[in-house]
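# Summary of the model geometry
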Amino acid sequence: AEIHYHEFVARRVPVKRLCKNHNILTINGQFPGPALIVRNGDSLVIKVVNSARENITVHWHGIRQLRNPWADGPEYVTQCPIKPGATYTYRFTIIDQEGTLWWHAHSRWLRATVYGVLIILPKFSYPFATPKQEFPVLLGEWFDRDPNAILRQAQFTGAQPNVSVAYTVNGQPGDLYRCSSQGTVRIPVVSGEKILLRIVNTALNQELFFSIANHQMTVVGADAAYTKPFTTRIMMIAPGQTTDVLVSADQPPARYYLAASAYQTAMNAAFDNTTTTAILEYKSAACGKNGRPLRPILPRLPAFNDTATATAFTAGIKSPGRVNVPTEIDENLFFTVGLGLNNCSVPNSPRCQGPNGTRFTASINNVSFVFPRSNSLMQAYYQGVPGVFTTDFPPVPPVKFDYTGNVSRGLWQPRTGTKLFKLKYNSRVQLVMQDTSIVTTEDHPMHLHGYHFYVVGSGFGNFNPKTDPAKFNLFDPPQRNTIGTPPGGWVAIRFIADNPGVWLLHCHLDAHLALGLTMAFLVENGVGELQSVIPPPADLPPC
Ligand code: C2O
């Protein structure tokens, strides 16, 4: 195993997109940020130097960080922010994970521009023929204003935050957007060869459909775990998720678009300027009569509200064979996830620009999470500092109701709190997450830090604790770190709480995270050296 040393310098640089320059926060002046390429079993030592004028932290999305929450990164959860001029070195080891993950800032909305891919090559070999070539495809969003300014405005006015102005592939909007053709990402292929695409949805607030014109994709991995291969023309990928696919260059030599378009909450249908493209370019592709390359062929993408296609794709992902899912349960948790609206005490005050003079909010089990300001949750737990959080997060919602919409307004207003749910070390957990359908039905991509989990079931409508568990897949469920709660439906996951520390569970739509759609598990220290959190590093940023 190797140790990889990197220096990540956070600084602002001008980047031009859609005919305009923006001074964006980057790592080492790169957008997207540097790709980390390691092997299963390797260690990383990444010194983050903050040369910007704002606080930052970096999260290694999907890395288990076993007994090592200090390297996880969410601000005020496992560490306090790295202040301007300060540094912090993240040290962690890859343990039994292979495939694609990514890293991103975990501080307000900085991840809009601060992100990159984290590729974990196999320790020995792939469970499929080694592809001739690999290519990361980072799907993202581009904003025409500073993302943090958008966030601040939304928090001040209580309105929904503004949407992005373009979707991107590796930071490039692509041919369908103005001033973007020059930078369009090109993926060269040789006829007859196979290529591995590592697709990541880095978008702040948008689930996406993805397709390649005339080509099939064979899904072989998701969230750094291998999957049972299956073939598809369309995929849906939610923010936080990764999907590895093999593509055979088996079509007539030409140029084909890879394209992504919105799933849910889209402003428009496919093939307008909300579709980002890159080009799969056969090396032997012929040119037109004028000697210029021919126009690439567009794939057909589903309508933004095509829930059936999105759901079928996600349900098709399975582990390659039998896996070790807990069959007995110690903690049976049921969390409602969703938006809400708060009435404002002063009608039509500037802080109430939501529908009918309300303010948007979001919650899990009716608790809208408030991040601490004076300390991180993990440091407070480890050092026994009182008053930073409470451990009374409810295991079930305070009131049961019909989660398919049409509920009384009284249920729309969550309470705020910094509440953690305590899990005993090694307890076997089942967690069902149910969309409340309040305000709107929506897919919430829920991400759990410090763990991967098995997705044992999902469905539409109200979860039925009597009949649904009997249908759970306890044989070959996929292992993931981010899974969508289907719009107006539920998803069930299982995991063993074998990683002590404080671990965030949140909606990876940052608009929802900012509104409080998050909570944290406090997994207690076990007894003995190998079951407890390692001590904090000396350079952990002071609070
Ligand atoms: Cu990818 Cu808490 O985040």
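Note that the coordinates shown come from a computational prediction; the quantities given were computed from them, not determined experimentally.

### So, the overall build of the protein chain
Counting its regular elements, the protein chain contains 4 helices and 32 strands. Relative to the 2.2 N^0.38 estimate, which gives 24 Å for 543 residues, the radius of gyration of the protein chain is 23 Å and therefore close to what a compact globule would have. If one aligns the C-alpha atoms of the protein chain with their principal axes, the spans along those axes are about 75 × 55 × 55 Å. Nonlocal contacts in the protein chain, meaning residues at least 24 apart in sequence, comprise 78% of its contacts between residues at least 6 apart.

### Points about the sheet that holds strand β7 (residues 99-105)
Reading across the sheet, the 4 strands line up as β3-β8-β7-β5 and stay open at both edges, with mixed pairing between neighbours. Strands with a single pairing partner mark the edges of an open sheet, and in this sheet they are β3 (36-39) and β5 (58-61). Looking at each pair of strands side by side, their axes are set apart by 20° on average, direction ignored. Note: β7 against strand β8 (residues 115-121), 6 bridges, orientation antiparallel. Looking at β8, one finds that His 104 is bridged to Tyr 115.

### A closer look at the environment of Gly 489
In this fold, Gly 489 is placed in strand β30 (residues 489-496). By the C-beta count within 10 Å, which is 23 here, Gly 489 ends up buried. For Gly 489, the contacting residues outside a window of four places in its chain are Asp 435, Ser 458, Gly 459, Phe 460 and Gly 461.

### So, helix α2 (residues 307-315)
For α2, the full list of buried residues reads Thr 307, Ala 310, Phe 313 and Thr 314. All buried residues of α2 project into a common sector of 135° when viewed along the axis, lining one side. Where α2 is buried, its residues touch β15 (225-232), β16 (234-237), β18 (255-263) and β29 (482-485).

### Things to note about the UniProt feature "domain: Plastocyanin-like" (unreviewed entry) in the protein chain
Under the local residue numbering, the UniProt record ascribes the feature "domain: Plastocyanin-like" (unreviewed entry) to residues 13-123, 134-284 and 392-525. In this annotation, residues 13-123 is assigned 0% helix and 45% strand; the end-to-end C-alpha distance for the span is 37 Å. The span residues 392-525 carries 4% helix and 41% strand; its end-to-end C-alpha distance comes to 18 Å.

### Focus on the sheet that holds strand β14 (residues 217-222)
Pairing in this open sheet of 6 strands is mixed, and the strands run β10-β9-β12-β17-β14-β15 from one edge to the other. Either end of the sheet is taken by a strand with one partner, and the two such strands are β10 (166-169) and β15. Neighbour-to-neighbour, the strand axes of the sheet open up by a mean angle of 25°, direction not taken into account. Here β14 pairs with strand β17 (residues 242-248) via 4 bridges, running antiparallel.

### A short note on unusual backbone geometry
Each neighbour pair has its own omega, and for Phe 31 with Pro 32 the value is -10°, a cis peptide bond. Of note, Pro 32 is situated in the loop between β2 (20-27) and β3. Phi angles above zero are rare outside glycine, and Cys 179 is one such case at about 55°. Structurally, the position occupied by Cys 179 is in the loop between β10 and β11 (186-189).

### Description of the nonpolar core
Formed by 149 residues in total, the largest nonpolar core has its most connected members in Leu 118, Leu 139, Leu 208, Leu 377, Ile 493 and Ala 520. Top element by residues in this core is β18. It accounts for 7 residues. The contact partners of Leu 208, leaving out residues within four places of it in the chain, are Leu 139, Tyr 167, Asn 201, Ala 203, Ile 237, Ala 260, Ser 261, Ala 262 and Tyr 263.

### Some points on the pairing of β10
Alternating residues of β10 divide into Ala 166 and Thr 168 and Tyr 167 and Val 169, and every residue in both groups is buried. Note: strand β9 (residues 133-142) against β10, 4 bridges, orientation antiparallel. Residue pairing across strands places Leu 139 opposite Val 169, the latter belonging to β10.

### Describing the domain arrangement of the protein chain
Interfaces are often sized by the amount of accessible area the parts lose when they come together. Along its sequence, the protein chain is organised into domain 1 (1-126), domain 2 (128-319) and domain 3 (331-531). One C-alpha centre belongs to domain 2, the other to domain 3, and the line joining them spans 29 Å. Listed per partner, the contact involves 27 residues of domain 2 and 27 residues of domain 3. Residue assignment for the side of domain 2 that touches domain 3 shows that the elements contributing at least two residues are α1 (147-157), β15 and α2. By residue number, the principal contributor to the side of domain 2 that touches domain 3 is α1, which donates 4 residues. For the side of domain 2 that touches domain 3, a count of residues per class yields 10 nonpolar, 13 polar and 4 charged.

### Description of the environment of Phe 495
Within the secondary structure, Phe 495 sits in strand β30. Since 21 C-beta atoms lie within 10 Å of it, Phe 495 is described here as buried. In this structure Phe 495 touches Val 429, Tyr 451, Phe 453 and Tyr 454, once residues within four positions along its chain are discounted.

### A closer look at α1
Listed in full, the buried residues belonging to α1 are Pro 147, Ile 150, Leu 151 and Ala 154. Down the axis of α1, the buried set is contained in an arc of 100°. They therefore lie on one face. Facing away from the buried surface of α1 by more than 90 degrees, the exposed residues are Ala 149 and Phe 156. Of the residues trailing α1, Gly 158 is marked for its positive phi of about 75°.

So, how was this worked out
- Residues numbered from 1 in each chain as written.
- Predicted model: local features only at pLDDT ≥ 70, side-chain atom pairs only at ≥ 80, totals over all residues.
- Helix = DSSP H or I, 4+ residues; strand = E, 2+ residues; numbered from the N terminus.
- Rg over C-alpha atoms; globule rule 2.2 N^0.38 Å.
- Contact = placed C-beta atoms within 7 Å.
- Pairing = 2+ DSSP bridges.
- Axes fitted to C-alpha atoms, helices over the stretch in contact; angles between N-to-C directions.
- Buried ≥ 20, exposed ≤ 12 C-beta atoms within 10 Å, placed from the backbone.
- Arc of directions from axis to C-beta.
- UniProt positions renumbered as here; feature names shortened; annotations may be inferred.
- Core = buried A, V, L, I, M, F, W, Y, C linked by C-beta atoms within 7 Å.
- Domains from an automatic or database assignment.
- Nonpolar A, V, L, I, M, F, W, Y, C, P; charged D, E, K, R; others polar.

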